[in-house]
Amino acid sequence: MRIDRIELRLVRLPLVHFFETSFGRVHDKAFILVRLLAGGLEAWGECVAEETPYYSSETNETAWHVITGFLAPRLLALDVDDPRQVFPAFRAVRGHNMAKAALEMAAWDLRARAEGQPLSRLLGGARARIASGVSVGIQDSFDDLASKIRTELDAGYRRVKIKIKPGWDIEAVRMVRERFGPIPLMVDANAAYSLADADRLAALDAFDLMMIEQPLDYDDVSDHAQLQRRLKTPICLDESVHSPRAARDAIAAGACRVVNIKPGRIGGFAESIAVHDVCAAHGVPVWHGGMLESGIGRTHNIHLSTLPNFTLPGDVAASRRYFVPDLIDPPVDVAADGTIAVPTAAGIGVAVDVDRVGRATLRFEALTP
Ligand code: SMG
Ligand code: MG
């Protein structure tokens with residue numbers, strides 16, 4: 001099958017609650033949506049790049065530039081029956097994994113719809129429900145942090161991750177342990193520390209955390225390996241694992257005991273499955289990360305989370321934590337047991353609300369062969 005038309009939309013949605021990491025605070029999310037038209041079918045993808053090059057070097061503007069100028073022409077020239085051929089077809093373009101993933105994941109949705117089967121099955125997943133956790137950002141006060149965590153625990157989520165940075169770390173974790181006891185708890189530093197902070201990070205060993213996510217630099221492996229030797233708490237890598245090879249090298253170096261998989265960071269589903277498999281072969285569990293996705297990217301993530309080595313609750317949570325209304329109907333919901341049902345209809349298996357997408361659209365471009 002050939003693609004007849006690729007549509008790009010830059011959209012902006014206000015967040016229900018601001019989200020603060022060690023990079024700063026955001027109140028809304030602007031992102032690119034991809035719509036593919038082929039053989040009378042339509043398929044969707046979401047680019048997880050943001051406006052700023054802080055989590056990753058990519059931004060909405062770089063993704064728009066790279067998709068329109070370099071990736072879309074290659075995708076339009078390809079027979080997309082096998083979505084595994086999309087990432088290799090982009091090989092001449094270095095980096096820009098988020099831009100690549102947005103197209104590649106839409107091609108998987110297209111294939112699944114063409115076969116009339118749910119995306120999870122095409123990806124090789126089997127679960128009917130996935131375990132859901134939450135990522136709670138830095139707040140204005142410990143009381144605000146505690147009240148957010150109370151809300152999430154009451155909603156049933158299976159683990160809580162809090163964002164940390166120098167000045168909002170040991171005391172914040174101590175407060176959470178004192179108020180909530182032995183809940184499944186982890187922290188994410190988004191690369192805010194260096195090896196000079198090893199003592200401070202080692203002090204977190206006292207709190208029985210499930211893991212510490214990406215404490216050191218975004219492109220670092222060797223310092224994480226040195227740090228892991230000092231810590232009892234497992235290190236989970238996020239930013240540093242941008243490819244199957246990076247996963248293999250990080251595991252071989254002893255830089256992590258857990259890996260966060262985000263297909264946007266890794267270049268799509270095929271590469272993410274390869275990372276999943278490398279980790280499985282080494283006994284390293286993975287979980288699915290989040291990038292404040294709308295329901296479109298969120299359902300893609302739900303489908304990938306059905307693969308067997310996703311054995312820890314991910315950052316894939318209910319729509320209502322992010323956008324009300326979401327761009328899909330019905331929104332993603334979490335059950336009282338902290339699980340999310342995997343859609344069973346063809347493709348991503350949810351209906352995109354085109355009116356809402358239209359109202360949120362800031363820029364539009366269509367590309368044809
Ligand atoms: O989607 O709930 C979500 C956000 C999860 O913490 C989250 N993402 O480093 O894992 C991470 C961050 C990256 C996003 S920063 C905008
Ligand atoms: Mg992270």
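Our structure's up above, just so we're on the same page.
My aim in this report is to walk through the structure given alongside it, one point at a time. (Residues numbered from 1 in each chain as written. Chains lettered and ligands numbered in written order. Predicted model: local features only at pLDDT ≥ 70, side-chain atom pairs only at ≥ 80, totals over all residues. Heavy atoms only, no water.)

### Comments concerning the site of ligand 1
Next, step 1: The full set close to ligand 1 counts 17 residues, and Glu50, Ser135, Asn190, Leu292 and Tyr322 are the nearest of them.
Next, step 2: Contacts to ligand 1 include Leu292, whose backbone N or O atom sits 2.8 Å from an oxygen atom.
Next, step 3: One of the side-chain N or O atoms of Tyr322 is found 2.5 Å from an oxygen atom in ligand 1.
Next, step 4: Those elements giving two or more residues to the shell around ligand 1 turn out to be strand 1 (5-21) and strand 6 (160-163).
Next, step 5: Of the residues that constitute the shell around ligand 1, the class distribution is five nonpolar, four polar and eight charged. (Near = heavy atom within 4 Å. Polar contact = N/O pair within 3.5 Å; in protein donor to acceptor, adjacent residues only side chain to side chain. Helix = DSSP H or I, 4+ residues; strand = E, 2+ residues; numbered from the N terminus. Nonpolar A, V, L, I, M, F, W, Y, C, P; charged D, E, K, R; others polar.)

### Description of the side chain of Gln214
Next, step 1: Mapping Gln214 onto the fold places it in the loop between strand 8 (212-213) and helix 8 (222-230).
Next, step 2: The class of Gln214 is buried, set by a relative accessible area of 0%.
Next, step 3: Engagement of the side chain of Gln214 in a polar contact is seen with the backbone oxygen of Asp217, the distance being 2.9 Å.
Next, step 4: Within the structure, the side chain of Gln214 is placed 3.0 Å from the backbone nitrogen of Asp238, a separation counted as a polar contact.
Next, step 5: Aside from chain neighbours lying at most four places away, what touches Gln214 is Asp188, Ala189, Asn190, Ala191, His224, Cys236, Leu237, Asp238, Glu239 and Ser240. (Buried < 20%, exposed > 50% of the residue type's maximum accessible area, 1.4 Å probe, protein only. Contact = heavy atoms within 4.5 Å.)

### Focus on the coordination of the magnesium ion (ligand 2)
Under ideal tetrahedral coordination, the four donors around a metal are separated by 109.5 degrees; under ideal octahedral coordination, the six donors are separated by 90 or 180 degrees.
Next, step 1: Surrounding the magnesium ion (ligand 2) are the protein donor atoms Asp188 (OD), Glu213 (OE) and Asp238 (OD), which sit 2.2 to 2.3 Å from the metal.
Next, step 2: Within one chain, the residues serving as donors to the magnesium ion (ligand 2) are arranged as D-x24-E-x24-D. On the criterion of sequence distance, the pair formed by Asp188 in strand 7 (residues 185-188) and Asp238 in the loop between strand 9 (235-237) and helix 9 (244-253) is long-range, its members being 50 residues apart. Taken individually, Asp188 and Asp238 each receive the classification buried, so the pair is uniform in this respect. (Donors = N, O, S within 2.8 Å, 3.2 Å for Na, K, Ca; no water.)

### Digging into the side chain of Gln228
Next, step 1: Within the fold, Gln228 resides in helix 8.
Next, step 2: Setting aside anything within four residues of it in sequence, one finds Gln228 in contact with Thr233, Pro234, Ile235, Gly254, Ala255, Cys256 and Arg257.

### Digging into unusual backbone geometry
Next, step 1: Omega for the bond connecting Val324 with Pro325 falls within 30 degrees of zero, at 0 degrees, which places this linkage in the cis form.
Next, step 2: Of the consecutive residues Asp329 and Pro330, the connecting peptide bond is found in the cis state with omega at -10 degrees.
Next, step 3: Here Pro330 is to be found in the loop between strand 12 (328-329) and strand 13 (339-341).
Next, step 4: Backbone geometry places Asn190, a non-glycine residue, at a positive phi of 45 degrees.
Next, step 5: We note that Leu292 has phi near 55 degrees; this positive angle belongs to a residue other than glycine.
Next, step 6: Judged by relative accessible area, Leu292 falls into the buried class, the value being 11%.

### Looking at the sheet that holds strand 3 (residues 41-46)
Next, step 1: A sheet is described by the order of its strands in space; here four strands give the open sequence 3-2-1-15, paired in antiparallel fashion. At either margin of the open sheet sits one strand with a lone partner, and together these are strand 3 and strand 15 (361-367). Each adjacent strand pair in this sheet contributes to an overall mean axis angle of 25 degrees, direction not counted.
Next, step 2: Pairing between strand 2 (residues 24-38) and strand 3: six bridges, direction antiparallel. Bridge pairing links Ala38 to Leu41 in strand 3. (Pairing = 2+ DSSP bridges. Axes fitted to C-alpha atoms, helices over the stretch in contact; angles between N-to-C directions.)

### Examining the packing of aromatic side chains
One pair of aromatic rings is described through two measures. These are the centre distance and the angle between the planes.
Next, step 1: Considering all chains together, one arrives at three aromatic pairs under this definition.
Next, step 2: With centroids separated by 4.9 Å and ring planes inclined at 65 degrees, the aromatic side chains of Phe142 and Trp168 adopt a geometry described as edge-to-face. Of this pair, Phe142 sits in helix 5 (residues 142-155) while Trp168 sits in the loop between strand 6 and helix 6 (170-180), and the two are 26 residues apart along the sequence.
Next, step 3: You can call Phe142 partly exposed: its relative accessible area is 27%.
Next, step 4: It is Arg159 that lies over the ring of Trp287; its NZ or CZ is 4.8 Å from the centre.
Next, step 5: The side chain of Arg363 reaches across the aromatic face of Trp64, ending 4.9 Å from its centre. (Phe/Tyr/Trp six-rings, centres within 6.5 Å; stacked < 30°, edge-to-face > 60°. Lys NZ or Arg CZ within 6 Å of the ring centre and 35° of its normal.)

### Things to note about helix 6
Next, step 1: Residues of helix 6 that are buried: Ile170, Ala172, Val173, Met175, Val176, Arg177 and Phe180.
Next, step 2: Those residues of helix 6 that are buried are in contact with helix 5, strand 6, strand 7 and helix 7 (198-203).
Next, step 3: Following helix 6 by one or two positions, Gly181 has its phi on the positive side, about 70 degrees.

### Examining the pattern of salt bridges
Next, step 1: Per the counting criterion, the structure on display carries 31 salt bridges.
Next, step 2: The salt bridge partner of Asp238 is Lys262, with a shortest N-O separation of 2.8 Å. Of this pair, Asp238 sits in the loop between strand 9 and helix 9 while Lys262 sits in the loop between strand 10 (258-261) and helix 10 (263-266), and the two are 24 residues apart along the sequence.
Next, step 3: What makes Asp238 buried here is its relative accessible area of 0%.
Next, step 4: Measuring nitrogen to oxygen at the nearest pair gives 3.2 Å for the salt bridge that ties Asp353 to Arg356.
Next, step 5: Asp353 sits in the buried class, given a relative accessible area of 18%.
Next, step 6: Owing to a relative accessible area of 18%, Arg356 belongs among the buried residues under this scheme. (Salt bridge = Lys/Arg side-chain N within 4 Å of Asp/Glu carboxyl O.)

Note that all results are geometric; they support no functional claim without further evidence.
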